[in-house]
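What the coordinates show
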Amino acid sequence: MIKLSNAALSELPPGIQWAGYDRSRLTAGIVHFSVGNFHRAHQAVYLDRLIAGGGHDDWALCGVGLLDDPRERAKAAAFPAQDCLYTLTVCPPHGEPEIHVIGSIVEYLFAPDDPEAVLAKLCDPAIRIVTMTLTEGGYNIDDETQEFKTGAPDIVHDLANPTTPRTAFGYVAEALARRRAAGLPAFTVQSCDNLRHNGHVAKTAFVGFARARDPELAAWMEQDVDFPNSMVDRITPATSDADRTRLNTASDIEDEIPVFCEDFIQWVVQDQFRLGRPAWEKVDAQITDDVWAYEQIKLRMLNSSHSMLAFPGTNAGYRLVHETVADPLIAQLLFDYWNKDVIPLLQAPPGMSLEGYRDKLMERYSNPATRDQTIRIATDGASRIPIFSGDTIRTILEQGGDFRRLAFLVASFAFCLGGVDDKGVHFSTPEPRLSAAEHATAQDPDPMAFLTLPIFAGLGMESSPDFVATFQEYRESLTANGTLGTLKDVLAG
């Protein structure tokens, strides 16, 4: 088995795909915060393809790790040991996977060990874009006021200690303050998270942090920093220890940080980069001024249906997505949800078929090679339901429509918070946005205790007596009759 490194690129095993460009010529033009599996299967892949085509040697990536935990420290050790290379196994629904070596990340910095090194990199004039994948709930926006929250411990620390930050907000604010003082132009800040108007959300968060630190800096950022919107899509499971062994055995490459994903990939980007950007359109990214149309479809059809399958699937005892959608009851739930609740409320961009997109989603979910986990998707439901399903819930309640499937979704989420499936197996789906007291309301016999949680503010569920009653009926049935027994009633109603 070959240990992955620059030196090993000339002797890769047969069948391993490598673009063959000269990595010694690459310099970073983009800093990315939180180099998780999705980033390495998505944005880094687009840049890898661009660099291979020539003319983009100054647009490589510098990754930054923010969290200080054993897994992130292991990643921080693996990146330099492998010259920042890693393998990506791309899994189609049918046929053999393709194994690629990705080389677009040329530097990796571990912020907890050397904050100043990260700040120095951000102040390098060569850095023109800062991207991030902070997760849906990672932007610290208050659910009710829609303003940036300044009370979290790491935010309090960063406001008091601007030269030794812990968060992306602290790093960006300090770096921009230094660039402003030095007369350097501001880099663009680009969110790559699954959020509606993710550029607007990023602007609210980063300018909100800056305003708490220095109102003049915030005013400058509002005028001089671009926050383009984007829509991202590629199913990328977490990599377990067993997956790592499996992937390395298949590639015959010793890789501490392998990634695997589906073969589908999409990126829609608003063209708002005053310091320039890579020509992503050359590798099939969609550059447009109307990200919203694509974003709405993806969030409401893919991300929301992910929740619609993940909570019932986990509760029923399924742990893999393709096994979950093979259950005819859950498959019917998804098609009813798409056809009756989602598609009628959407308008597709010219040339796009919503029914075709629906069928492609089911094909992607049914892909056994990705082995995507229901628990991964069910995690952080407190962020996912309002963001992904909130518009559909709100609109159907306002229109007096059929809300049964949505009530089942929320009831399944509440049941999932109990951490025991229908087979009596215990599981854990972390909920970083819920306090212990809020978590406990899922078991409160009064349904209003759960439906009036701040995470659901503005959805209107608690204002509909019929929705409250249906939610409670399904919640009680989940306990008495199990997930699939309850689902039969939902589908038959």
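First, a word on what this report is: a plain description of the structure on this page. Since this is a predicted model, take the numbers as computed values, not measurements.

A closer look at the sheet that holds strand 2 (residues 16–18)
The sheet built from four strands is open, its strands ordered 2-6-5-12 with mixed pairing. Only two strands of the sheet have a single partner each, and these edge strands are strand 2 and strand 12 (259–262). The sheet shows a mean angle of 30° between the axes of neighbouring strands, direction not considered. Sitting on the sheet, helix 2 (residues 43–53) touches strand 2, strand 5 (86–91) and strand 6 (98–102), and the angle it makes with strand 6 is about 80°. Those strands touched by helix 9 (residues 241–251) are strand 2, strand 5, strand 6 and strand 12, and its axis lies near 85° from that of strand 12.

What about the pattern of salt bridges?
It is possible for side chains bearing opposite charge to pair when their charged atoms get close. For the coordinates displayed, the defined rule picks out 29 salt bridges. Between R300 and D391 there is a salt bridge, with its nearest N and O atoms 3.8 Å apart. On the criterion of sequence distance, the pair formed by R300 in helix 10 (residues 291–316) and D391 in helix 15 (residues 381–399) is long-range, its members being 91 residues apart. A relative accessible area of 10% places D391 in the buried class. Overlapping salt bridges bring together E116, E174, R178 and R213 as one network.

Points about the environment of G208
You can see G208 is positioned in helix 7 (residues 198–213). On the basis of relative accessibility, which here comes to 13%, the residue G208 falls in the buried class. Linking G208 and N140, residues 68 residues apart in sequence, is a C-alpha distance of 9.9 Å. Ignoring any residue separated from it by four or fewer positions in sequence, one finds G208 in contact with F148 and K203.

A look at helix 8 (residues 215–224)
Looking only at helix 8, the buried set comprises L217, A218, W220 and M221. For helix 8, the arc enclosing every buried residue in end-on projection is 160°, short of the 170-degree limit, so these residues lie on one face. Exposed and oriented more than 90 degrees from the buried face of helix 8 are P215, E216 and Q223. The secondary structure elements touched by the buried residues of helix 8 are helix 6 (168–182) and helix 7. For helix 8, the side-chain oxygen to backbone nitrogen distance between the N-cap and E216 is 3.0 Å, and the N-cap itself is D214.

Overview of the side chain of R277
By secondary structure assignment, the location of R277 is in the loop between strand 13 (266–270) and strand 14 (286–288). Within the structure, R277 has its side chain in polar contact with the side chain of D271 (distance 2.9 Å).

Some details on the nonpolar core
Most often, soluble globular proteins have nonpolar side chains that are buried together. M301, Y365, F450, F456 and F467 are the most contacted members of the largest nonpolar core, which totals 60 residues. In contact with M301, not counting residues within four places along its chain, are Q296, W338, V342, I343, L346, L354, Y357, R358, L361 and Y365. Counting 47 residues, the second largest nonpolar core, distinct from the first, contains A173, A177, A186 and V189.

Some thoughts on the packing of aromatic side chains
Inspection of the entire model under this criterion finds 17 aromatic pairs. Both rings, one in F403 and one in F467, keep their centres 5.5 Å apart while their planes meet at 55°; by these two values the pair is tilted. Of the two residues, F403 sits in the loop between helix 15 and helix 16 (404–416) while F467 sits in helix 19 (residues 465–492), which places them 64 residues apart along the sequence. Like F467, F403 is buried. Judged by centre distance (5.9 Å) and plane angle (50°), the ring pair of F413 and F450 falls under tilted. Here the residue F413 occupies a position in helix 16, and F450 occupies one in helix 18 (residues 447–451), the gap between them amounting to 37 residues. Of the two residues, F413 and F450, both sit in the buried class. Taken together, the ring pairs in this structure connect F311, F413, F450, F456 and F471 into an aromatic cluster. The aromatic ring of F260 is capped on one face by R246, whose charged end is 4.9 Å from the ring centroid.

With respect to the state of the cysteines
Scanning all chains against the criterion turns up zero disulfides. Just so you know, C84 is unpaired, no disulfide at all, and the nearest cysteine sulfur is the one on C62, 8.1 Å from it. According to the relative accessible area criterion, C84 is buried, its value standing at 5%. You can see C91 has no disulfide; the closest cysteine sulfur is in C261, sitting 6.7 Å from it.

Notes on the sheet that holds strand 14
Within a sheet, adjacent strands bond to each other through the backbone by hydrogen bonds, running parallel or antiparallel. Read across the sheet, three strands follow the order 10-13-14 without closing on themselves; strand pairing throughout is mixed. This sheet does not close on itself; its edge strands, each paired only once, are strand 10 (230–233) and strand 14. Across the sheet, the axes of successive neighbouring strands diverge by a mean angle of 15°, strand direction being ignored. Where strand 13 meets strand 14, three bridges bridge the pair, whose relative direction is parallel. Bridged to Q270 within strand 14 is T288. Here helix 10 sits on the sheet in contact with strand 10, strand 13 and strand 14, set at roughly 35° to strand 10.

Structural notes on unusual backbone geometry
Of note, the phi angle at S34 is positive, near 70°, even though the residue is not glycine. Positionally, S34 belongs in the loop between strand 3 (28–33) and helix 1 (37–41). Overall, S34 belongs to the partly exposed group, its relative accessible area being 21%. Located in the positive-phi region is D252, a residue other than glycine, with phi close to 60°. Note on placement: D252 falls in the loop between helix 9 and strand 11 (253–254).

Reading the values: rules and limits
Residues numbered from 1 in each chain as written. Predicted model: local features only at pLDDT ≥ 70, side-chain atom pairs only at ≥ 80, totals over all residues. Heavy atoms only, no water. Pairing = 2+ DSSP bridges. Helix = DSSP H or I, 4+ residues; strand = E, 2+ residues; numbered from the N terminus. Axes fitted to C-alpha atoms, helices over the stretch in contact; angles between N-to-C directions. Contact = heavy atoms within 4.5 Å. Salt bridge = Lys/Arg side-chain N within 4 Å of Asp/Glu carboxyl O. Buried < 20%, exposed > 50% of the residue type's maximum accessible area, 1.4 Å probe, protein only. Arc of directions from axis to C-beta. Polar contact = N/O pair within 3.5 Å; in protein donor to acceptor, adjacent residues only side chain to side chain. Core = buried A, V, L, I, M, F, W, Y, C linked by side-chain atoms within 4.5 Å. Phe/Tyr/Trp six-rings, centres within 6.5 Å; stacked < 30°, edge-to-face > 60°. Lys NZ or Arg CZ within 6 Å of the ring centre and 35° of its normal. Disulfide = S-S within 2.5 Å.

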